[in-house]
Each structure stands twice: as structure tokens, then as C-alpha cells.
Amino acid sequence: MMEAKTPTQSLTILTDMVLPSETNPLNNLFGGELLARMDRAASIAARRHSRRITVTASVNHVAFNRSIPLGSVVTVEAKVSRAFKTSMEVFLDVWIEDRESGLKEKANEAIYTFVAVDDFGKPVNVPELKPETTLEMERFNAALRRKQLSLVLAGKMKPNDATELKALFK
């Protein structure tokens, strides 16, 4: 029996600067570069939760709400938001640090799904997740709705069986 873990136990923080080779003609960070940074942070968070090899199963959501200019200090924070049988949803927040004040402003967010696997690539069970804060609970609850929606859209779940989604319309 695996012991449940908290989101904080998977917290991964990557901080780096935007360099000229990572920018587009407008001198903003390439979206693909940010996706790669988020994928690395999310992978580490999933591995910390599962203590297994993890593979990216899907990028469920990405919001490029704000461009990230050359020279910016960028911090990617990743935490497991929900654990299912073998998969984990990882929520990411991307922050830009103001050079003068040091204040951080949220620029982007994303949601990735990872699967824990053994040395042969076969999925393995992961520990449960016990959210502690209000935000962690909100993300935990929303993760089940996102998973059900994804399964319904993929034809792997009947809409009538998506109890969390149906509850939204009552």
C-alpha cells in the first residue's frame, strides 16, 4: 500500500533567464521553448510524486497569456494536482520577475498529464494525492472533470457515466 502524498511534496521550481537564442523576431521567448521548460518541470514533479519513470501522456491546456521578453527571469512552478491509477495531472504556473522591484507576475499556465511506468514502459500505480490548500482542492476537483471530459471526447466514457460533468449542469 502506497502512502498518499501532498501536492507540496511534488513541487518543482525552475528559474532561468530568457536568452537571445530563445527568442522570436519580437524578442519574446519562443512558445516552444516555454513548453519544453514546462515539460521538464512537470516531469520532475510527476517523478517526485510517483518515484517512478514518468512519460508525458498529454498537454491538456496551455495559456500563453503574456509574452515573456528577452532578459526576463522566468520561474516555472509545477505541482501534481491529482493522481489517478497510473496517471498524474500536473498544474503549472509561469511567473515573470520584475527586474527592478523583484515582484512576480503570473504570465502563463498549463496542465500536463504524465503516466508512471516501470523499466519496460508498462504503466504502474501511483500514490493518491491529498490536497491541503483551497487552491489545491479546487485544482484537484477540477482535474476529475477534465479527465472525464477528455474520456468522453475520446469515446472512452459514455456521457451519462461522467458524473462530475453532469453535476455541472444540474
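Structure first, text after, so check above.
Residues numbered from 1 in each chain as written. Predicted model: local features only at pLDDT ≥ 70, side-chain atom pairs only at ≥ 80, totals over all residues. Heavy atoms only, no water.

Novice: Even after reading the chapter, I still don't get the overall build of the protein chain, so can you show me in this structure?
Specialist: For the protein chain, the count of helices and strands is three helices and five strands. Listing each helix as α and each strand as β along the protein chain from the N terminus yields β-α-β-β-β-β-α-α. Computed over its C-alpha atoms, the radius of gyration of the protein chain comes to 17 Å, within 12% of the 15 Å expected for a compact globule of 170 residues. Reported as C-alpha extents along the three principal axes, the dimensions of the protein chain are approximately 50 × 40 × 30 Å. The burial tally for the protein chain puts 39% of its 170 residues in the buried class. Across the protein chain, contacts joining residues at least 24 apart in sequence account for 67% of those joining residues at least 6 apart. For the protein chain, the exposed area adds up to about 9,900 Å²; of that, 54% sits on carbon and sulfur atoms. Here the protein chain carries 24 positive and 21 negative side-chain charges, and the mean point of each set is 8 Å from the other. (Helix = DSSP H or I, 4+ residues; strand = E, 2+ residues; numbered from the N terminus. Rg over C-alpha atoms; globule rule 2.2 N^0.38 Å. Buried < 20%, exposed > 50% of the residue type's maximum accessible area, 1.4 Å probe, protein only. Contact = heavy atoms within 4.5 Å. Areas by Shrake-Rupley, 256 points an atom, 1.4 Å probe, with all protein chains shown as cover. Lys, Arg positive; Asp, Glu negative; His and termini not counted. Charge placed at Lys NZ, Arg CZ, Asp CG, Glu CD.)

Novice: What's the story with the layout of surface pockets in this structure? I'm lost.
Specialist: Where empty space is left can be seen by rolling a probe of water-molecule size over the atoms. The volume enclosed by the largest pocket comes to roughly 400 Å³. Asn60, Thr113, Arg146, Lys147 and Ser150 are the residues nearest the centre of the largest pocket, which is lined by 20 residues in total. Secondary-structure elements contributing two or more residues to the lining of the largest pocket are strand E2 (53-64), strand E4 (87-97), strand E5 (104-117) and helix H2 (134-153). Broken down by element, the residue count for the lining of the largest pocket peaks at seven residues, all from H2. Of the residues assigned to the lining of the largest pocket, the class counts are ten nonpolar, six polar and four charged. Considered as a void within the structure, the second largest pocket measures approximately 190 Å³ in volume. At the level of elements, strand E3 (73-83), E4 and H2 are the ones that each hand at least two residues to the lining of the second largest pocket. A total of five residues in the lining of the second largest pocket trace back to one element, the largest contributor, which is E3. Residues that form the lining of the second largest pocket fall into these classes: seven nonpolar, two polar and six charged. (1 Å grid on protein atoms, 1.4 Å probe; cavity = no way out; pocket = protein on both sides within 12 Å on 5 of 7 lines; lining within 4 Å. Points joined across faces, edges and corners; volume = space filled by probe spheres on them. Nonpolar A, V, L, I, M, F, W, Y, C, P; charged D, E, K, R; others polar.)

Novice: Would you explain the sheet that holds E2 in this entry?
Specialist: To summarise the sheet geometry, strands pair through backbone hydrogen bonds and adopt either a parallel or an antiparallel arrangement. Strand order in this open sheet of five strands is E1-E3-E4-E5-E2, and the pairing throughout is antiparallel. A strand with exactly one partner marks an edge of an open sheet, and here the two such strands are strand E1 (12-17) and E2. Averaged over all pairs of adjacent strands, the angle between strand axes in this sheet comes to 25 degrees, irrespective of strand direction. Direction of pairing for E1 relative to E3: antiparallel, over a ladder of six bridges. Pairing of Met17 across the sheet is with Val73, part of E3. (Pairing = 2+ DSSP bridges. Axes fitted to C-alpha atoms, helices over the stretch in contact; angles between N-to-C directions.)

Novice: Mind showing me how you'd approach the nonpolar core here?
Specialist: Grouped burial of nonpolar side chains is what soluble globular proteins tend to show. The biggest cluster of nonpolar side chains holds 28 residues, and the ones touching the most others in it are Met38, Ile68, Met88, Val90 and Leu92. Every element with two or more residues in this core is listed here: helix H1 (31-50), E3, E4 and E5. Among the elements that make up this core, the one with the highest residue count is H1 (six residues). Apart from residues no more than four positions distant in its own chain, Met38 is found in contact with Val62, Val76, Leu92, Val94, Ala110 and Tyr112. (Core = buried A, V, L, I, M, F, W, Y, C linked by side-chain atoms within 4.5 Å.)

Novice: Which parts of the structure should I look at to understand the pairing of E5?
Specialist: Every other side chain in a regular strand lies on the same face of the sheet, so the side chains alternate between the two faces. Within E5, eleven of the 14 residues are buried, which leaves the element mostly enclosed by the surrounding structure. Here E2 runs beside E5; their pairing, made up of ten bridges, is antiparallel. By the bridge assignment, His61 is partnered in E5 with Ile111. Strand direction decides the pairing type here: E4 and E5, joined by eleven bridges, are antiparallel. Among the inter-strand pairings, Val90 is bridged to a residue of E5, identified as Tyr112. Following E4, the chain reverses through six residues before pairing antiparallel with E5; Gly102 in that reversal takes a positive phi of roughly 85 degrees.

Honestly, that's just the spatial picture; any functional story needs more than this.
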